[in-house]
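Structural characterization, general
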Amino acid sequence: MTLALLFPGQGSQSVGMGAALADAFASARDVFAEVDEALGQKLSALMREGPEDQLTLTENAQPALMAVSVAAIRALKAEFGVEVTRAAFVAGHSLGEYSALAAAGAISLSDTARLLKLRGQAMQRAVPVGQGAMASLIGPKTDLALAEAAAKAGAEVGVCVVANDNNQGNVVISGEKAAVDRAIEAAKALGARAIPLNVSAPFHCPLMQPAAEEMAAALAAATIHAPAVPVVANVTAGPEREAEVIRRLLVEQVTGRVRWRESMEWMAGAGGVTRFAEIGSGKVLTGMAKRIAPDAESLALNTPEELEAFARGV
């Protein structure tokens, strides 16, 4: 079976995530300790104990989710001898792309933690709270064309674009609040349900340009290697291996669309992937994979028991 490893994005965080891995594996504890040291904060304690409102802050959730994913990857290797190179591709949803790159050895764990901390802070700084909004358009009639039509209606009064093309029936729009509100009404008229998202900023839209500029400076100074496994990038929905291309795409990703549906379709089609494994916290990407590529096997690896069972079957 041809394997792809998937790494979750913001929204998959929960208090207690990673605790079972830390309790079971020294390799996982080492990851959490290194991230704590890199950030100069006890992020591991926040992950284990909360409070939830602090963990949910973008600047904490992003490095925390990455830490859990990398802890699972390190445990697979140290405890069960499963290398990341068993996979044909890695891919991550938004911040998960950083997790994928860290797992594939393109960026060091400490640098990835610091970059994600900055990314979260920069995204929050880019737009004052209350000025931006995001909404999820869902339902059987929802597809990229419907979402783009709704966003076009919203753009008549302000910035509004498609931010995440997750899967058929689930597309997210982002922009200025008045524009997103207009787009929500347009989407409902086109037959979609629209759910405003409880987010602190309008991610993956042109309003994030100040954050993209901050990340461009930080990424220019970061050491990036060619990943051991091609990363299927959010911006291109195709495999990338060149370090300088990856550096550029990580900047573009801040304002650009997360082309997740296309990424998954490429892996399940041209990429020949027959098995998707979501590494880290939650099962959001597993659910998407089952909808996008129903003929492939999809599973989530959250617990020591799941890692062990997966290792036996690789």
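In what follows, the accompanying structure is described. From a predicted model like this one, the values you see are computed outputs, not experimental measurements.

About the criteria used
Residues numbered from 1 in each chain as written. Predicted model: local features only at pLDDT ≥ 70, side-chain atom pairs only at ≥ 80, totals over all residues. Heavy atoms only, no water. Phe/Tyr/Trp six-rings, centres within 6.5 Å; stacked < 30°, edge-to-face > 60°. Helix = DSSP H or I, 4+ residues; strand = E, 2+ residues; numbered from the N terminus. Buried < 20%, exposed > 50% of the residue type's maximum accessible area, 1.4 Å probe, protein only. Salt bridge = Lys/Arg side-chain N within 4 Å of Asp/Glu carboxyl O. 1 Å grid on protein atoms, 1.4 Å probe; cavity = no way out; pocket = protein on both sides within 12 Å on 5 of 7 lines; lining within 4 Å. Points joined across faces, edges and corners; volume = space filled by probe spheres on them. Nonpolar A, V, L, I, M, F, W, Y, C, P; charged D, E, K, R; others polar. Pairing = 2+ DSSP bridges. Axes fitted to C-alpha atoms, helices over the stretch in contact; angles between N-to-C directions. Contact = heavy atoms within 4.5 Å.

Details of the packing of aromatic side chains
- Evaluated as defined, the whole model comprises two aromatic pairs.
- Pairing Phe25 with Phe80 gives two aromatic rings, centres 5.9 Å apart and planes at 85°, and the pair type is edge-to-face. Highlighted residues: Phe25 in the loop between helix H1 (19-24) and helix H2 (26-39) and Phe80 in helix H5 (residues 58-80), separated in sequence by 55 residues.
- Looking at Phe80, the relative accessible area reads 28%, which means it is partly exposed.
- Centre to centre, the rings of Phe89 and Trp266 are 5.1 Å apart; their planes meet at 80°, and the pair counts as edge-to-face. Of this pair, Phe89 sits in strand E2 (residues 89-92) while Trp266 sits in helix H12 (residues 260-268), and the two are 177 residues apart along the sequence.
- According to the relative accessible area criterion, Phe89 is buried, its value standing at 10%.
- Taking the relative accessible area as the measure of exposure, Trp266 reaches 25% and is therefore partly exposed.

A short note on the pattern of salt bridges
- For the structure on display, the rule yields 17 salt bridges.
- Here Arg261 makes a salt bridge to Asp165, at a shortest N to O gap of 2.8 Å. Within this pair, whereas Arg261 is found in helix H12, its partner Asp165 is found in strand E4 (residues 160-167), the two being separated by 96 residues in sequence.
- On the basis of relative accessibility, which here comes to 1%, the residue Asp165 falls in the buried class.

A closer look at empty space enclosed by the protein
- Following the criterion strictly, the structure yields two cavities of 30 Å³ or more and no others.
- Each pocket or cavity is described by its volume, and for the largest cavity that value is around 50 Å³.
- Listed by contribution, the elements that provide at least two residues to the lining of the largest cavity are strand E1 (3-7) and H5.
- Per-class residue counts for the lining of the largest cavity are eight nonpolar, no polar and two charged.
- Each pocket or cavity is described by its volume, and for the second largest cavity that value is around 40 Å³.
- In terms of residue count, helix H11 (residues 243-255) provides more of the lining of the second largest cavity than any other element does, three residues in total.
- Classifying every residue of the lining of the second largest cavity gives six nonpolar, no polar and two charged.

Regarding the pairing of strand E3 (residues 132-138)
- Counting buried residues in E3 gives seven out of seven residues, a clear majority hidden from the surface.
- Every second residue of E3 is oriented toward a common face, with Gly132, Met134, Ser136 and Ile138 on one face and Ala133, Ala135 and Leu137 on the other, all of them buried.
- Examined bridge by bridge, E3 and strand E5 (residues 170-176) share seven bridges and lie antiparallel to one another. Bridge pairing in E5 places Ala133 opposite Gly175.
- Summarising the sheet, E3 and strand E6 (residues 193-196) pair through four bridges and their orientation is antiparallel. Across the sheet, the residue bridging to Ile138 is Arg193, located in E6.

Focus on the sheet that holds E6
- Strand order in the open sheet formed by four strands is E4-E5-E3-E6, and the pairing between neighbours is antiparallel. A single partner strand is all that each edge strand has here, and the edge strands are E4 and E6. Shown here is a sheet whose adjacent strand axes are inclined to one another by a mean of 25°, direction ignored.
- Along the sheet face, helix H13 (residues 284-292) touches E4 and E5 and points at about 80° away from the line of E4.

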